[in-house]
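Below, each chain spelled out in residue letters.
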Amino acid sequence: MHKGQTMNDLPVLRTKVPGPKSRTLARRLRRHEAPTVTCLTGKGPIFWKRAEGVHVWDVDGNRFLDLTSAFGVASLGHSHPEVVAAIHKQSALLCHGMGDVHPSEAKTRLCARLSEITFERWSHGRCGGQALLCNSGFEAVEAALKTAMLFTRKRGVIVFEGAYHGLGYGALETTWRRDFRLPFAEQLGGFAEFVPYPRQSSAAADRAGAPTAEIPLLSAIEGQILGVLRRREIGAILVEPFQGRAGEVIPPPGFIPMLRRICDRHRLLLIADEIYVGFWRTGRWFAVEHSGVTPDLICLGKALSGCLPISACVGKAGVMAAWPVSQGEALHTSTFGGNPLACAAALASIRQFERRAASWDVTQKGAEFVGELRRLLAGNPWVRDIRGVGLLIGIEFAANGPVQPPILCERLLDRGLIALPSGSRAEALAITPPLCMDARTLSWAARQTAEVVSGATSAAIKRRVR
Ligand SMILES: Cc1ncc(COP(=O)(O)O)c(C=O)c1O
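Here is what the cut-offs are and how they apply
Residues numbered from 1 in each chain as written. Predicted model: local features only at pLDDT ≥ 70, side-chain atom pairs only at ≥ 80, totals over all residues. Heavy atoms only, no water. Helix = DSSP H or I, 4+ residues; strand = E, 2+ residues; numbered from the N terminus. Buried < 20%, exposed > 50% of the residue type's maximum accessible area, 1.4 Å probe, protein only. Contact = heavy atoms within 4.5 Å. Areas by Shrake-Rupley, 256 points an atom, 1.4 Å probe, with all protein chains shown as cover. Lys, Arg positive; Asp, Glu negative; His and termini not counted. Charge placed at Lys NZ, Arg CZ, Asp CG, Glu CD. Near = heavy atom within 4 Å. Polar contact = N/O pair within 3.5 Å; in protein donor to acceptor, adjacent residues only side chain to side chain. Nonpolar A, V, L, I, M, F, W, Y, C, P; charged D, E, K, R; others polar. Domains from an automatic or database assignment. Buried area = accessible area lost by both parts, 1.4 Å probe.

A. View of the overall build of the protein. Helix and strand counts for the protein stand at 15 helices and 15 strands. A principal-axis box enclosing the C-alpha atoms of the protein has dimensions of 65 × 60 × 45 Å. Counting over 466 residues, the protein shows a buried share of 55%. Counting contacts in the protein only where the partners sit at least 6 residues apart, residues at least 24 apart contribute 74% of the total. Just so you have it, the protein exposes about 21200 Å², and 55% of that area is on carbon and sulfur atoms. Averaged over its 57 positive side-chain charges, the protein has a centre that lies 5 Å from the centre of its 41 negative ones.

Here it is in structure tokens:
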């Protein structure tokens, strides 16, 4: 333990992981849930009972440290008291409204807040935004795709290798991973055109501000995009400003400005998918802000409410005007869209981000975590890259090497740390803890992670020698 570290921060394990109750639940779930959903192979999952702040308790009474924010949702920490209080308050009044017919006050306030924290803030009040509220992230992406279709009347969309935009049919068309697409390929729309996503190498990251290193790569990608524009009708570019599920990939600084320039020259819409990286994950309100670029549409979800299913496609008012005015039948809506409980949670979350985010030192803590890991894992033959921006951190391993992130996650779980593999071949370990996790706990987690990686490396070397 670190000097000053209290036992209150660290995991407490009372059983083997997973414990007996988790294993019993796994057997039940296997019988009753569609087989594709929960991974019940290998050691099996822990079943969550309670979560608070940076901790999760399982049904066996074990307390874990969450290094995932539960898919990037609990950025404020689990069960944030102000968010929970807002849900309680709202639930005493109205749990469900008639979203697009007789809306709630909460929905009205949330749409206004979303405009304030995006387009109004970016334009210093000169230009407003309008929101289309949905339930999950992929729906917000599909709302953005529909908006682009209506605005530009062009069906083609440029997307990026490695991209993850969700699994609904529209979003799946723009998601890169072959294993997700292949079984449904015949039903996909064929409107997406993939081009490479540039990577900032570690060395380049260390020399931040050395833009020459990125020029050939970016110009090659620009050339490919221009080639696509010559042969297809394209209406939009859909991009994750930092790729999340591709392995926490950081592009060179000139990338998003280059896309903005292309969009402006060719009258395309720039859609930023910030479902994973929005809301201070990277040390700014939104990840596009690192590049100084204003997108035409931004997709938000996950940390927007921090717990309840709600997402949003927010667009420049002039772009959203492409949607026809509802005469009683909304052209895009859903039964639970703009659910008042979820809106209340989102409003409370936004309030917390506004009040507290600056004090979390996300950038500093992320840099320290990456620095500590780089130091501890220097010279490790299978570590390809350790990178991060804010608390979006990825450790990439040699793709077919002996050190595999899914196994590392099991070893971390044995020590009471919840982490996730990332990347299309699970080649990276993703570290995306709640933003409020304190520096000491993060440093302890970095040392645990390094020990687990080093342990797996030594075991692999021994196997080879034998
Ligand atoms: C960048 C991005 N877009 C879209 C999605 C899809 O969100 P959801 O799973 O809520 O549909 C995700 C999910 O991880 C994501 O990371």
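B. How the structure looks around the environment of Asn-135. Here Asn-135 shows up in the loop between β4 (129–134) and α5 (137–152). Asn-135 sits in the buried class, given a relative accessible area of 18%. Placed 176 residues apart in sequence, Asn-135 and Ser-311 show a C-alpha to C-alpha distance of 5.2 Å. Among residues more than four places away in sequence, those in contact with Asn-135 are Pro-309, Ile-310, Ser-311, Ser-334, Phe-336 and Gly-337.

C. Structural view of the site of the ligand. Around the ligand sit Ser-136, Gly-137, Phe-138, Tyr-164, His-165, Gly-166, Glu-240, Arg-245, Asp-273, Ile-275, Tyr-276 and Lys-302, and those are all the residues in its vicinity. The backbone of Gly-137 places a nitrogen or oxygen atom 2.8 Å from an oxygen atom of the ligand. Asp-273 is positioned with one of its side-chain polar atoms (N or O) 2.6 Å from a nitrogen atom of the ligand. Contact with the protein chains covers 84% of the free accessible surface of the ligand, which is 390 Å². Each residue belonging to the shell around the ligand can be placed in one class, and the counts come to 4 nonpolar, 4 polar and 4 charged.

D. Expanded view of the domain arrangement of the protein. Here the protein is partitioned into domain 1 (20–66 + 361–465) and domain 2 (86–357). If you average the C-alpha positions of domain 1 and of domain 2, the two centres end up 27 Å apart. Between domain 1 and domain 2, the contact holds 25 residues from the first and 22 residues from the second. Summing both partners gives a buried area of about 1700 Å² for domain 1 against domain 2, and 51% of it is carried by carbon and sulfur. It is Arg-387, Val-389 and Leu-392 in domain 1 that bury the most area against domain 2; as a group they hold 33% of the surface buried on that side.

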